[in-house]
Protein chains: 2
Amino acid sequence: MNFSFSVLFDETFNLFFMRSSCMSRSRVTIKDVAKLAEVSIATVSNVINGTGRVSLDTQRKVEQAIGELDFAPSASARNLKDKKSSLIAVIVPLLEKGRLQDNPFYWHLVRGIEESARDEKLHVILVGIGPDESFSFIREQHLDGLIFVGAFEDTEVVESVLRLNVPCVFMDSLIDNSDFYQVSLDDELGGYIGTKHLLSLGHERIVLLTGLLKKDGVNYCRWQGYRRALEEAGVPYRPELVYEEPTSSLGGYRAASRIGAKGGGVTAVFALSDMVAIGLIKGLHDLGIQVPRDMSIVGFDDDERARYCIPALTTVRQDIVQKGRTAVRLLTAQIERDHSVERQVTLGVELVPRQSTAPLAARVKD
Amino acid sequence: MNFSFSVLFDETFNLFFMRSSCMSRSRVTIKDVAKLAEVSIATVSNVINGTGRVSLDTQRKVEQAIGELDFAPSASARNLKDKKSSLIAVIVPLLEKGRLQDNPFYWHLVRGIEESARDEKLHVILVGIGPDESFSFIREQHLDGLIFVGAFEDTEVVESVLRLNVPCVFMDSLIDNSDFYQVSLDDELGGYIGTKHLLSLGHERIVLLTGLLKKDGVNYCRWQGYRRALEEAGVPYRPELVYEEPTSSLGGYRAASRIGAKGGGVTAVFALSDMVAIGLIKGLHDLGIQVPRDMSIVGFDDDERARYCIPALTTVRQDIVQKGRTAVRLLTAQIERDHSVERQVTLGVELVPRQSTAPLAARVKD
DNA sequence: CTGAAAGCGCTTACAG
DNA sequence: CTGAAAGCGCTTACAG
């Protein structure tokens, strides 16, 4: 009897021991620190936050106790009082398959955001959302702010986000409301300079290879720039030269045959994403159409791959990392109610001429 | 007097009003729901969590109240009790500049992780860490788990993470300890099949273009596969053909002149990243060296760009999104103490022959 | 300069 | 089946 009891006891003990050594997380609390430093928890709190008045002596005692116990204050407890979490979310649209977009564009965006957020002691949570997503997590987690990429004003999702009344920055969203914080690109200018570059090389039949052309969207603005450039040059706008295709390399690849078809007289293409341009070049290549001899191509973004593509891609450059950093700047201003910061930032674009564009004359000579 | 008092009062009122309408977030609590549904907060809690016994009638009342008030339970309050946060972190090494690595590889990883995490009702927080980073946030935020990418066993950071005793999955880390949860690739096999492919085409002087060759690291294993293939084929291993270069397109580009130099007799290159391979092809192209006529190239990863590269890149394929999904699977198993799940998963690789490799004979004929 | 105490919004035994 | 109450770990007036 005694023996079996002892065994039972030992098992219980072991179980307890294992649980306490494996499961326990963050056991040391402000109370432990207070005890060790022989002060009240209020004082510990004051030392941690630099609030109130604390004598240098107690401060040192407390700091040593914190160090000794390796104390890390619980964010949950803190948030419960403050209603803030030091968490921001980047909300990115999902592909149909329920996965984040595969354009590495987003990665560079996130890189910029993460870097700036880190500087601000904020953490970045990455959220993909589908069309019928619930946003309850934003309130549940007490998110301090949101960066919303590629949203449209009239959408259900935007409506529900706005109702939450949480600091929010829209990116590449072109919502026509100057009350909202937005960072975007001078897309119209991008469309303009890319087109103008081709026009200046003598091209007139220029295909615009775009993604979804939604009113006031990014592509829509670029399309407007395209039209403006044509108009300025006195070249008639032909709607049949605007191809709406999926924004993917495959989309570009598939567009190649349509573009390269004889009789169309197309001599240049402006693809509104490097991703698409690269697929297009490959598609043309497989059809025996050489770039830039037979066809000039301009991309958009200036991915790293634009530079290493063969031929190197002429493109409209945007600084995506900078875009992410700007979004965080606007967001923190909004969180801290710093009204001196502008609400709308439009970043610049720049033409980067490389090898995928050539004068039309060169073709004639051949 | 009365007048000025009234003005003051109005101002105060306005301020109050503005604050309450702009700042207030998530005001409705479980108490409000309880009041509306005419039950206790315990009952509301039980309904929300499906715990305890609740009559169908009260359940409906509570659910309606929740809907009416659009109630979202506070994660902080919940976490404070549960010591869990439904948050996991993906920890990615930083570049020297304090920014996340630019390899889009990470994006695909994150895509896989985010998708799976969403299925598990977990949120993903993305963290870049430098060499002397503090990990206090892991305890502060009560993170439920960690996915650690590209760590090395002996590192300070790994040590401190392990001390935290938080569920953790190491990825591409090759820590030699079977107690740890790890997902990795069959890197040795990858190195082997890539090399073997080139050998089978008749190449013998094969440059291995690798990133940092750290003991037991990813590249190290691939290098071992390279050696095994050579040995099997009876081709002597030449250390001078192993080039350690930065894992970037620029690294590949710069390596081109060294590789293409006359006299070396190099006829093929195995680059351990598509990123590097693409830079290399461009570099060779700029030197007038044609791929695959003059030089065969094999990459690693099978990025999207491998397919659209000119010539399309022969490469060793890995499913990066799947890798991310696997990591989440191991992590949730660990969080839920489901010991039926394996601790180590090694994912497969596959050779994807495309156009950047050709028989050596073809060259001789030229 | 320091501390006792209330309260943030939940969950969880424990009574009834 | 339902509720009163304690407690999670902090912060913040408020006394002293």
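Residues numbered from 1 in each chain as written. Chains lettered and ligands numbered in written order. Predicted model: local features only at pLDDT ≥ 70, side-chain atom pairs only at ≥ 80, totals over all residues. Heavy atoms only, no water.

You'll find chain A entered in an unreviewed UniProt entry as LacI family transcriptional regulator, with Paenibacillus herberti given as the organism.

(A) Up close: the packing of aromatic side chains. Taken as a whole, this structure holds 21 aromatic pairs over all chains when the rule is applied. These aromatic residues form a ring-pair network of at least three members: Phe-105, Tyr-106 and Trp-107 of chain A together with Phe-105, Tyr-106 and Trp-107 of chain B. Across from the ring centre of Phe-300 of chain A, 3.5 Å away, lies the NZ or CZ of Arg-222 of chain A, which sits over that ring. Sitting above the plane of the Tyr-243 of chain B ring, Arg-258 of chain B keeps its charged end 3.7 Å from the centroid. (Phe/Tyr/Trp six-rings, centres within 6.5 Å; stacked < 30°, edge-to-face > 60°. Lys NZ or Arg CZ within 6 Å of the ring centre and 35° of its normal.)

(B) Just the layout of surface pockets, in detail. All names here are of chain B. Computed from the structure, the second largest pocket encloses a volume of approximately 1,500 Å³. Around the second largest pocket, the lining is made up of 45 residues, and of these Pro-93, Gln-101, Tyr-106, Leu-212 and Thr-247 lie nearest the centre. Those elements that place two or more of their residues in the lining of the second largest pocket are α6 (105-119), β3 (145-149), β6 (206-210), α10 (218-233), α11 (249-260) and α12 (274-286). Taken together, the residues that form the lining of the second largest pocket break down as 20 nonpolar, 14 polar and 11 charged. (1 Å grid on protein atoms, 1.4 Å probe; cavity = no way out; pocket = protein on both sides within 12 Å on 5 of 7 lines; lining within 4 Å. Points joined across faces, edges and corners; volume = space filled by probe spheres on them. Helix = DSSP H or I, 4+ residues; strand = E, 2+ residues; numbered from the N terminus. Nonpolar A, V, L, I, M, F, W, Y, C, P; charged D, E, K, R; others polar.)

(C) The protein's contact with DNA strand C, seen in detail. If you check the shell around DNA strand C, you find 25 residues, and the closest are Arg-53, Thr-58 and Lys-81 of chain A together with Ile-30 and Ser-45 of chain B. Put simply, 69% of the atoms of DNA strand C that lie within 4 Å of the protein are in sugar or phosphate. Here a phosphate oxygen of DNA strand C sits 3.0 Å away from a polar atom, N or O, in the main chain of Ser-55 of chain A. At a separation of 3.0 Å, a phosphate oxygen of DNA strand C approaches a polar side-chain atom of Asn-49 of chain B. Looking at the surface near DNA strand C, the elements that each hand over two or more residues are α3 (41-49) and α5 (75-82) of chain A together with α3 (41-49) and α5 (75-82) of chain B. Per-element tally for the surface near DNA strand C: the top contributor is α5 of chain B, with five residues. Taken together, the residues of the surface near DNA strand C sort by class into 11 nonpolar, eight polar and six charged. (Near = heavy atom within 4 Å. Polar contact = N/O pair within 3.5 Å; in protein donor to acceptor, adjacent residues only side chain to side chain.)

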